[in-house]
Amino acid sequence: MVRCVLRIVNSRRLGVFSVTISAATQAMGFDPKLASKALAQASGDVQSATELLLAGSVTVESDGGGGRKLGDSTGSASSIVVLDGNKTGAVTADAESDTAESLQCDECGKKLRDATAAQRHAERTQHTQFSESTDVIKPLSTEEKAEKLKMLQERLAAKRAAREEETIQAAKTKEKIRRAEGQDLVKQKEAFEHRQMMKLAAEKKRERLEDKRHREKVKALLAQDEAERNAAKKASAGARTAAVATTSAPKEKKEYTTCRVQFRHSGGSPVTAKFAVTDTIESLFAHARANVPGLDATPFTLLMTRPRKEYHAEADGSTVLATTELVPSAVLIVNVK
């Protein structure tokens with residue numbers, strides 16, 4: 001019995017045999033003529049040629065007239081190199097009397113028909129210890145082949161369905177993530193727009209309140225001015241009535257030496273001051289700039305409502321108060337430009 005104990009060094013998977021004739025003959029221990037004929041029958045495929053040699057399907061005439069095939073009792077111990085990338089494993093063979101008919105996995109005990117089956121088994125199970133066996137594996141019948149093919153097709157279909165299901169689930173997960181991200185972006189955009197709208201509404205409300213306060217101040221100033229004018233009218237009417245009623249000689253026009261001026265502005269209470277009738281309009285501007293808040297460097301004019309007259313610092317600054325309608329008293333509105 002010929003039994004080869006395979007020991008694959010530093011490898012988890014069986015590799016492929018060498019692709020050259022010299023490597024095949026040296027690695028497998030076959031006669032070069034046997035190897036050449038096997039390669040010719042396998043159309044140059046080293047793996048197929050090796051399977052033919054292992055199966056004993058190739059014979060050549062020897063010098064003694066007899067044929068030689070794999071498994072002859074005249075075969076000697078040989079070494080086989082199995083390649084896995086750049087790694088090499090060693091196989092030792094101890095010659096015995098019987099012919100090897102199959103391979104056996106020393107780790108699980110499974111019988112394997114040939115080296116191709118052993119390679120597939122190693123790839124699937126990661127087993128690395130194999131040996132030759134004299135047990136003959138019965139060929140599969142047509143029904144067994146059909147049953148095995150059906151099982152393989154079912155397995156392939158199941159794997160394909162599992163892959164398709166994984167693909168579908170991955171696509172669903174990706175779509176969920178995309179939708180969640182899209183919803184987050186929409187929410188963030190809506191929150192930003194809401195904050196902007198609230199900010200704009202608060203700004204408009206503040207502007208409306210400021211406008212309302214300004215209108216109220218202007219209305220108050222106008223109402224006060226109207227009341228003073230009405231009082232002045234009543235006083236003037238009473239004076240005229242008294243003048244008509246008296247039969248005494250008309251009095252001489254009174255000479256005034258001072259002038260009383262009230263400055264009204266939107267920044268607070270009115271400011272009242274007395275000036276000599278010999279002062280000029282420039283004195284009024286200087287007093288207003290010094291006593292009315294907010295007029296340090298701001299250009300302004302002084303407006304007298306009745307009779308309506310607007311005084312400018314540059315144009316009217318040198319005018320004497322005695323020559324104006326401001327004597328003996330007047331109300332001037334500070335009009336900021």
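In case you missed it, the structure is sitting above this.
These notes cover the structure that comes with them.

About the thresholds
The written sequence of each chain sets the order in which its residues are numbered from 1. Residue-level local features of this predicted model are given only where pLDDT is at least 70; pairs of side-chain atoms are given and counted only at 80 or more, and the full residue set underlies all totals for whole chains, interfaces and linings. No hydrogens and no water enter the side-chain calculation; it runs on all heavy atoms of the structure. Should DSSP find at least two bridges between two strands, the strands are regarded as paired. For the purposes of this entry, the term helix denotes a DSSP run of H or I that reaches at least four residues, the term strand denotes a run of E that reaches at least two, and both are numbered from the N terminus. Axis lines are fitted to C-alpha atoms, over the contacting stretch for helices. Their N-to-C directions set the angle, which ranges from 0 to 180 degrees. Side-chain rings of Phe, Tyr and Trp (the six-membered ring for Trp) are treated as a pair once their centres are within 6.5 Å; stacked means planes under 30 degrees apart, edge-to-face means over 60, and tilted covers the remaining angles. When a residue's accessible area, from a 1.4 Å probe over protein chains only, is under 20% of the maximum for its type it is buried; when over 50% it is exposed; and in between it is partly exposed. In the analysis that follows, any N or O atom pair within 3.5 Å is treated as a polar contact, provided that within protein one partner can donate a hydrogen and the other can accept it, and provided that, for residues neighboring in sequence, both atoms belong to side chains.

Read from one edge to the other, the open sheet built from five strands follows the order S10-S9-S13-S11-S12, with strand pairing classed as mixed. Every interior strand has two partners, whereas the edge strands, strand S10 (271-276) and strand S12 (309-311), have only one. Between one strand axis and the next, the sheet turns through 30° on average, direction left out of account.

For any pair of aromatic rings, the description rests on two quantities: the centre-to-centre distance and the angle between the ring planes. A complete count under the given rule lists two aromatic pairs for this structure. Centroid distance Phe-263 to Phe-275: 6.4 Å. Interplanar angle 80°. Geometry classified as edge-to-face. In this pair, Phe-263 is assigned in strand S9 (residues 258-264) and Phe-275 in strand S10, connecting sequence segments twelve residues apart. The pair formed by Phe-263 and Phe-275 is uniform in burial state, with each residue classed as buried. Aromatic side chains Phe-285 and Phe-300 sit 5.3 Å apart centroid to centroid with 35° between the ring planes, which places their arrangement in the tilted category.

Turning next to helix H4 (residues 115-125). Every α-helical turn comprises 3.6 residues, leaving residues that sit three or four positions apart pointing alike. The set of residues buried in H4 consists of Ala-115, Thr-116, Ala-117, Ala-118, Gln-119, His-121 and Ala-122. Sitting at the head of H4, Asp-114 places a side-chain oxygen 3.3 Å from the backbone nitrogen of Thr-116.

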